[in-house]
Amino acid sequence: MTQTHDTLRGRLYAFFLRSEPVRGFALLSPTLLIMLAGMCVPFVILVAMSFWTQHVFEFDTTLSLTNYNEIVDKPMYRVLLTRSLAISGACTVATVLLAYPMAYYVAFHVHRHKMVWIVLMTLPFWSSYLLRVFAWKIILGYNGAINASFMGLGWLEKPLEFLLYSPTAVVITLTHAWAAFAILPIYVSLEKIDRSLLEAATDLGDGPVKRFIGVTLPLSLPGVIAASLLIFIPTVGDFVTPALVGGPDGAMIANLIQVQFARVNNWPMGAALSLAMMVIIAAISLLYIWTARRFTEYGR
Amino acid sequence: MSEISYIQRPNRPLHVYAFGYIAFLYIPVLFLPLFSFNDSIYFAFPIEEFTTEWYRQMFEHQAMHAALANSLKVGAVASVLATVLGVFGAKAVTRYRIPGKKSLIFVIMLPLVVPGILLGVALLLMLSRLGITLSLYTVTMGHVLICTPFAMATLIPRFEGFDRAMEEASADLGANAWSTFWRVTLPMVLPGVVASLLLCFTISFDEFIIAFMLTGTDPTLPIFMYSQLRFPARLPPTVALGSIIIFVSFVVLCFSLWLRRYGVEESASDGVRP
């Protein structure tokens, strides 16, 4: 009895040892299964629930498009969705534009202690996100750093009120909070550029500007594209920043989604809004990648 | 040489811009320690007298201590679990030919490209369908999900970086798979494991939106701080704690970067050696 058991086990073991994919899968499976259970199962439930409707304290589980119709019909949902996209679009553009020269500087003009500069640029990013957002409240507030110093210098008669609790405040805060996500990918793509290409361009008579537009910029585009997606995708769904510095005019879609699960208590609507947000983000990202690919191919 | 210096000649405006940008990154963060010593409950200028009152209050704040303890617990458990999953995953994808490897890695990396609110909402729906009560366990679960991709991304280069022949040599000399892992593989990837633990802990410790959706009656520290931000009188001790956290996280991060660099330099010199 033990004999057959042992040989069976031995054979299984031999098969297990011999087959590389099987061993690989076995090793990968704990991670993969947990990620599948934690991502896919909730997502399926989310999709299902977005077609339900809320009846006071119970869900009506008959499938209907009620929530989606409401998202399309009610101006409030449309306004918040477009505003979220506009704010994080503006933030993405601002962050990339501000970070590019910084990354360029470290890639091309810093020759010693590059690592120190990279650490210096990413360090603030590791402090609490919540506290960094709160810090901007101190800076942009009615008696905040900007108003107080400008009034102290006599440049302002009375404090600027539009600084805090506005979409502008959200864009400024996000631009600061997500800087590292732009600097690092752009830096990596600039660092990868073969310096002999720049020498070649110079030898062939290109000036600094032409060389930048013709060689450096196109070759760094993968970094720019990665950076914009890394910033755009999460900031559309950001909750903390609009909640703390946005005010009523700067509220974004995540705030609206969160309310559906708290005060409003309409979970199916919250599910539908989350899904609508994700679909729009995915569509914009894919369109962006597609356009960027075509653009870079034409450039070559 | 002249061409290179032409391309890389010093650029004064860019130099100034770089320092300006670093100031833009740091000044807002430094406002918190500044105001944590300010003798006023309002975070506004002008600055009043110097005080350590807020730090004293912080040490007596029971609810804050509870929240801090919760965050430390969640962070510790989540970072260990995520790193273990990361070790399994990283070893599997670097050591074995697995069909469809790219799409499997994509599935594991998915939380990186999904907005936190969506993941939080989806997990909340699943937990409520399963009838699981929200608690620190559910928050930990959410954090394991978002930390695992980071653990994998940190560990994969470590596994790629060391010579597979070492493991084979160990097997040839008669060590079984388990002792090869403990005696050979783990020591060699250890800097990566420590870096992954620190990274995952930092992410979990700082994470807000998933914890906000999945927390029960025990708040984690970010949730607690968020609840305090509305009340001016309760804010200063929170900011005092925040200043300490910023300081500690800077120290920890520098340590982890040093560790990672140490690892990289060591493997680089390994490559140079004949």
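Residues numbered from 1 in each chain as written. Chains lettered and ligands numbered in written order. Predicted model: local features only at pLDDT ≥ 70, side-chain atom pairs only at ≥ 80, totals over all residues. Heavy atoms only, no water.

What about the state of the cysteines?
All names here are of chain B. Applying the stated criterion across every chain, the model contains zero disulfides over all chains. Cys147 forms no disulfide, and the closest cysteine sulfur to it belongs to Cys200, at a distance of 4.4 Å. Classification of Cys147 by relative accessible area gives buried; the value is 0%. (Disulfide = S-S within 2.5 Å. Buried < 20%, exposed > 50% of the residue type's maximum accessible area, 1.4 Å probe, protein only.)

What about empty space enclosed by the protein?
Considering all chains together, one arrives at one cavity of 30 Å³ or more under this definition. By volume, the largest cavity amounts to about 40 Å³. If you go around the largest cavity, the residues you meet are Met121, Pro124, Phe125, Arg132, His176, Ala179 and Ala180 of chain A together with Leu25 of chain B. Tallied by class, the residues present in the lining of the largest cavity amount to six nonpolar, one polar and one charged. (1 Å grid on protein atoms, 1.4 Å probe; cavity = no way out; pocket = protein on both sides within 12 Å on 5 of 7 lines; lining within 4 Å. Points joined across faces, edges and corners; volume = space filled by probe spheres on them. Nonpolar A, V, L, I, M, F, W, Y, C, P; charged D, E, K, R; others polar.)

What to know about unusual backbone geometry
For residues besides glycine, phi is generally negative; the peptide bonds are generally trans as well. All names here are of chain A. Its identity is not glycine, yet Tyr165 carries a phi of approximately 55°, on the positive side. Its location among the elements puts Tyr165 in the loop between α7 (145–152) and α8 (167–177). The class of Tyr165 is partly exposed, set by a relative accessible area of 42%. For Asn265, which is not glycine, the phi dihedral falls at a positive 50°. Tracing the backbone shows Asn265 in the loop between α13 (253–261) and α14 (267–299). Judged by relative accessible area, Asn265 falls into the partly exposed class, the value being 28%. (Helix = DSSP H or I, 4+ residues; strand = E, 2+ residues; numbered from the N terminus.)

Brief notes about the domain arrangement of chain B
Accessible area lost upon the coming together of the parts is a frequently used measure of interface size. Residue and element names in this part refer to chain B. Considered domain by domain, chain B is made up of domain 1 (12–51) and domain 2 (61–272). For domain 1 versus domain 2, the distance between C-alpha centres works out to 30 Å. Across the domain 1 to domain 2 interface the summed buried area is about 720 Å²; carbon plus sulfur atoms make up 87%. In this structure, the connection of domain 1 to domain 2 is made through zero salt bridges. Across the domain 1-domain 2 interface, the total number found is zero residue pairs in polar contact (both at pLDDT 80 or more). Class assignment for the residues of the side of domain 1 that touches domain 2 results in seven nonpolar, two polar and no charged. (Domains from an automatic or database assignment. Buried area = accessible area lost by both parts, 1.4 Å probe. Salt bridge = Lys/Arg side-chain N within 4 Å of Asp/Glu carboxyl O. Polar contact = N/O pair within 3.5 Å; in protein donor to acceptor, adjacent residues only side chain to side chain.)

A few points about the packing of aromatic side chains
A full pass over the atoms with the stated rule returns 28 aromatic pairs over all chains. Judged by centre distance (5.4 Å) and plane angle (65°), the rings of Tyr105 of chain A and Trp117 of chain A are edge-to-face. Residue Tyr105 of chain A is found in helix α4 (residues 75–109), and its partner Trp117 of chain A is found in helix α5 (residues 114–122); the two are separated by twelve residues along the sequence. The interplanar angle of 10° and the centroid separation of 5.3 Å between the aromatic rings of Phe37 of chain B and Phe50 of chain B together place this pair among those described as stacked. Note that Phe37 of chain B is positioned in the loop between α2 (12–36) and α3 (53–60) and Phe50 of chain B in the loop between α2 and α3, a separation of 13 residues in sequence. On the basis of relative accessible area, Phe37 of chain B is assigned to the partly exposed category, the value being 30%. Taken together, the ring pairs in this structure connect Trp52, Phe59, Phe261 and Trp267 of chain A into an aromatic cluster. (Phe/Tyr/Trp six-rings, centres within 6.5 Å; stacked < 30°, edge-to-face > 60°.)

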